[in-house]
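# Survey of secondary and tertiary structure
Here is how the chains run, residue by residue.
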Amino acid sequence: IENWTQVGSLTGELKDKYVLLRGRVQTIRAVAKKMAFLVVREKGFTVQCVVSEQPELVSRQMVKYVVGLSRESIVDVEGVVSVPNVAIKGATQQVEIQVRKVYCISKAMPTLPINIEDAARSEAEIEKALQAGEQLVRVNQDTRLNYRVLDIRTPANQGIFRIQCQVGAIFRQFLLSEGFVEIHTPKLIGGSSEGGASVFRLDYKGQPACLAQSPQLHKQMAICGDFGRVFEIGPVFRAEDSYTHRHLCEFTGLDVEMEIKTHYSEVMNIVDRLFVKMFDSLNENCKKELEAIDRQYPFEPLKYLRNTLRLTFEEGIQMLKDAGVEIDPLGDLNTEAERKLGQLVLEKYGTEFYILHRYPLAVRPFYTMPCYDNPTYSNSFDVFIRGEEIISGAQRVHVPEFLAERAQACGIDVKTIETYIDSFRYGAPPHGGFGVGLERVVMLFCGLNNIRKTSLFPRDPQRIAP
Ligand code: 4AD
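Residues numbered from 1 in each chain as written. Predicted model: local features only at pLDDT ≥ 70, side-chain atom pairs only at ≥ 80, totals over all residues. Heavy atoms only, no water.

Moving on to the overall build of the protein chain. From N to C terminus, the protein chain includes 14 helices and 16 strands. Taken over the C-alpha atoms alone, the protein chain extends approximately 90 × 55 × 40 Å along its principal axes. Burial status across the protein chain gives 52% buried among its 466 residues. Counted over contacts in the protein chain with a minimum sequence separation of 6, partners at least 24 positions apart contribute 68%. (Helix = DSSP H or I, 4+ residues; strand = E, 2+ residues; numbered from the N terminus. Buried < 20%, exposed > 50% of the residue type's maximum accessible area, 1.4 Å probe, protein only. Contact = heavy atoms within 4.5 Å.)

Here we take up the sheet that holds strand β15 (residues 388-395). In spatial order, the strands read β6-β10-β11-β16-β15-β14-β13-β12; together these eight strands make up an open sheet with mixed pairing. Here the strands that pair on one side only, and so sit at the sheet edges, are β6 (181-182) and β12 (309-312). Along the sheet, helix α8 (residues 265-285) contacts β10 (229-237), β11 (250-259), β12, β13 (353-357), β14 (380-385), β15 and β16 (431-437); its crossing angle with β16, the most-contacted strand, is approximately 30°. (Pairing = 2+ DSSP bridges. Axes fitted to C-alpha atoms, helices over the stretch in contact; angles between N-to-C directions.)

It is worth spelling out unusual backbone geometry at this point. Between Ala465 and Pro466 the backbone carries a cis peptide bond, its omega angle lying at -5°. Assignment of secondary structure puts Pro466 in the segment after α14 (438-445). Phi is positive for Glu72, which is not a glycine, with a value near 75°. The topology assignment puts Glu72 in the loop between α1 (60-67) and β4 (74-82). Residue classification places Glu72 among the buried positions, given a relative accessible area of 4%.

Applying the stated criterion across every chain yields a total of eleven aromatic pairs. Judged by centre distance (6.3 Å) and plane angle (85°), the rings of Phe366 and Tyr420 are edge-to-face. With Phe366 in the loop between β13 and β14 and Tyr420 in helix α13 (residues 418-422), the pair connects residues that are 54 residues apart, well separated along the chain. A connected cluster of aromatic rings, assembled from ring pairs, spans Phe275, Phe279, Tyr304, Phe353 and Phe445. Positioned over the ring face of Tyr359 is Arg364, at 4.5 Å from the centre of the ring. Across the ring face of Tyr243, the terminal group of Arg452 is positioned such that the distance to the ring centre comes to 4.4 Å. (Phe/Tyr/Trp six-rings, centres within 6.5 Å; stacked < 30°, edge-to-face > 60°. Lys NZ or Arg CZ within 6 Å of the ring centre and 35° of its normal.)

Moving on, we get to the nonpolar core. Residues Phe275, Phe381 and Phe434 are the most contacted members of the largest nonpolar core, which totals 55 residues. Ranked by the residues each element gives to this core, the list is headed by α8, at ten residues. Those residues within four positions of Phe275 in sequence are excluded, and the remaining contacts are Phe353, Ile390, Ile391, Val436 and Val441. Core analysis: the second largest hydrophobic core is formed by 23 residues, Leu10, Leu38, Val66 and Val75 among them. (Core = buried A, V, L, I, M, F, W, Y, C linked by side-chain atoms within 4.5 Å.)

Going through the model one piece at a time under the given rule, you end up with 30 salt bridges. Here Arg22 and Asp76 are joined by a salt bridge, their closest N and O atoms 2.6 Å apart. Of this pair, Arg22 sits in strand β1 (residues 18-31) while Asp76 sits in strand β4, and the two are 54 residues apart along the sequence. Since its relative accessible area comes to 37%, Arg22 is described here as partly exposed. Across the salt bridge formed by Arg172 and Glu182, the nearest N and O atoms sit 2.7 Å from each other. In this pair, Arg172 sits in helix α6 (residues 155-177) while Glu182 sits in strand β6, placing the two residues ten residues apart along the sequence. For Arg172, a relative accessible area of 32% puts it in the partly exposed group. Because the salt bridges share partners, they merge into one network encompassing Lys219, Asp255, Glu257 and Arg396. (Salt bridge = Lys/Arg side-chain N within 4 Å of Asp/Glu carboxyl O.)

Let us look at the side chain of Glu42. Structurally, Glu42 is set in strand β2 (residues 35-42). Although buried, Glu42 forms no salt bridge, and the nearest oppositely charged side chain, Lys43, lies 4.1 Å from it. With near-sequence residues (within four places) excluded, Glu42 lies in contact with Thr5, Gln6, Val7, Arg22 and Gly23. (Lys, Arg positive; Asp, Glu negative; His and termini not counted.)

This part takes up the UniProt feature "domain: Aminoacyl-transfer RNA synthetases class-II family profile" (unreviewed entry) in the protein chain. Under the present numbering, the feature "domain: Aminoacyl-transfer RNA synthetases class-II family profile" (unreviewed entry) in UniProt falls on residues 161-458. The span residues 161-458 shows a helical share of 35% and a strand share of 21%, and its end C-alpha atoms are spaced 13 Å apart. (UniProt positions renumbered as here; feature names shortened; annotations may be inferred.)

The next subject is the site of the ligand. Around the ligand, the surrounding shell holds 23 residues, and the nearest of these are Glu194, Gln216, Glu389, Ile390 and Ser392. In this structure, a nitrogen atom belonging to the ligand sits 2.9 Å away from a main-chain N or O atom of Leu248. Protein coverage of the free-state accessible area of the ligand, which is 620 Å², stands at 91%. The greatest single-element share of the shell around the ligand, amounting to five residues, is contributed by β15. A class-by-class count of the residues in the shell around the ligand yields seven nonpolar, seven polar and nine charged. (Near = heavy atom within 4 Å. Polar contact = N/O pair within 3.5 Å; in protein donor to acceptor, adjacent residues only side chain to side chain. Areas by Shrake-Rupley, 256 points an atom, 1.4 Å probe, with all protein chains shown as cover. Nonpolar A, V, L, I, M, F, W, Y, C, P; charged D, E, K, R; others polar.)

So, about the environment of Lys205. Mapped onto the secondary structure, Lys205 falls in the loop between β8 (201-204) and β9 (207-211). For the pair Lys205 and Val81, spaced 124 residues apart in sequence, the C-alpha to C-alpha distance is 63 Å.

Given a rise of 1.5 Å per residue, 15 residues ought to cover 21 Å, and the 21 Å separating the end C-alpha atoms of helix α11 (residues 335-349) matches this to within 8%. Looking at α11, one finds that the buried residues are Ala337, Glu338, Leu341, Gly342, Leu344 and Val345. (Expected span 1.5 Å × (residues − 1).)

Let us look at the state of the cysteines. All told, the structure shown has zero disulfides when counted by the stated rule. You can see Cys49 has no disulfide; the closest cysteine sulfur is in Cys104, sitting 14 Å from it. The exposure class of Cys49 is buried, given its relative accessible area of 0%. No disulfide involves Cys224; its sulfur sits 19 Å from the nearest other cysteine sulfur, which is in Cys410. For Cys224, a relative accessible area of 17% corresponds to the buried category. (Disulfide = S-S within 2.5 Å.)

Structure below.
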């Protein structure tokens with residue numbers, strides 16, 4: 001045999017063909033001494049392999065050997081494809097392999113800290129099994145994360161990270177097609193880029209430094225360097241204190257920065273077209289992945305419009321007030337208010353994806369451009385999925401003297417960002433951009449309830465391993 005066959009490509013068309021597969025032992029069931037059923041899994045697809053004693057072909061020793069294999073071991077299986085008359089339960093592929101040979105390539109330890117089948121069950125399936133008196137262990141989040149290498153083998157997790165890959169790929173493809181240049185900015189920087197307390201400080205060969213809270217300053221400097229439109233996909237570090245369902249200490253930032261000709265709506269137009277394209281493409285090309293996620297964590301597909309709804313912050317505040325929510329008209333929205341507004345927007349406009357813009361200046365970072373007509377507000381926006389923030393963006397201050405003044409007013413030590421402010425002294429175009437949290441987009445698009453589910457090896461205030 002020269003060619004390997006993928007488990008996922010096994011169909012009735014291969015009937016009577018001799019094939020060679022490599023996969024993991026998902027389950028083994030012995031039927032007397034002469035026969036065993038082995039379910040082999042590869043990339044989320046499973047096939048039932050029948051190991052049955054036959055003179056000259058399969059020895060009883062071979063059956064015994066297979067029964068003794070440990071779950072999750074990696075095996076090579078040789079055999080003939082057959083198509084049974086009845087539907088096969090417990091495997092994705094509707095063909096069987098009549099096994100001739102099995103080789104174990106890598107042995108897993110006999111008892112695993114996580115049983116993959118248990119880890120793959122939905123809450124409804126767990127309830128049903130418990131009611132039926134089945135013995136099973138609910139795999140809690142910490143156990144999953146402690147043994148993440150096993151946990152990510154479940155079909156839902158395979159789906160989540162394949163979707164995460166697609167979100168990054170679509171982001172890159174769309175922006176390249178719109179003339180953006182991909183850049184890579186330093187993650188070791190001299191001072192905080194977003195202000196606030198959430199900075200990891202470190203010693204850089206005797207100089208104070210920190211891990212970049214965003215590529216904010218350097219992506220703007222790239223615009224001063226005449227690239228016109230840039231983007232970056234890279235790690236972002238936040239020394240978060242609070243332990244929440246949506247904050248990580250390290251996440252992947254999808255960042256965009258671009259020249260603006262006349263109005264910050266040019267930046268919102270990019271958000272609008274990029275995300276409608278992204279959602280369309282995920283729905284069309286990731287059906288299997290979405291189904292796998294839905295099977296374990298049931299969710300409704302995201303409701304979004306062809307032209308993304310844009311509301312001003314003032315309109316949002318008014319909607320909340322009309323619904324009886326007491327709220328500071330110039331303060332930031334807390335999580336609860338964001339959720340409530342998400343509900344109101346869904347009821348009124350039928351969308352779970354929208355842009356809220358013209359935020360009060362006081363709640364935005366120092367580099368945000370105030371509105372020309374009313375400096376209490378700013379040329380800024382946040383974007384929401386299902387009532388939670390996935391993006392923040394704005395037009396930036398490109399006048400160096402004013403930028404220094406704003407930094408100072410926001411309590412930032414101007415010395416630590418001097419080279420950034422100087423970049424605007426050699427002529428700087430009006431510009432703006434936005435930052436997207438990759439893990440949040442995947443979490444909210446898939447209706448998941450915790451950002452740890454969409455980070456391969458999450459870093460939160462209590463976790464730095466594995
Ligand atoms: O809202 P943030 O802090 O904005 C910036 O970093 C700006 N420099 C962006 C810009 O271009 N104006 O972060 C941007 C996005 C948030 O909307 C959120 O999706 C995500 O990054 N994010 C986090 N994701 C996970 N864990 C955290 N601790 C996050 N903090 C922000």
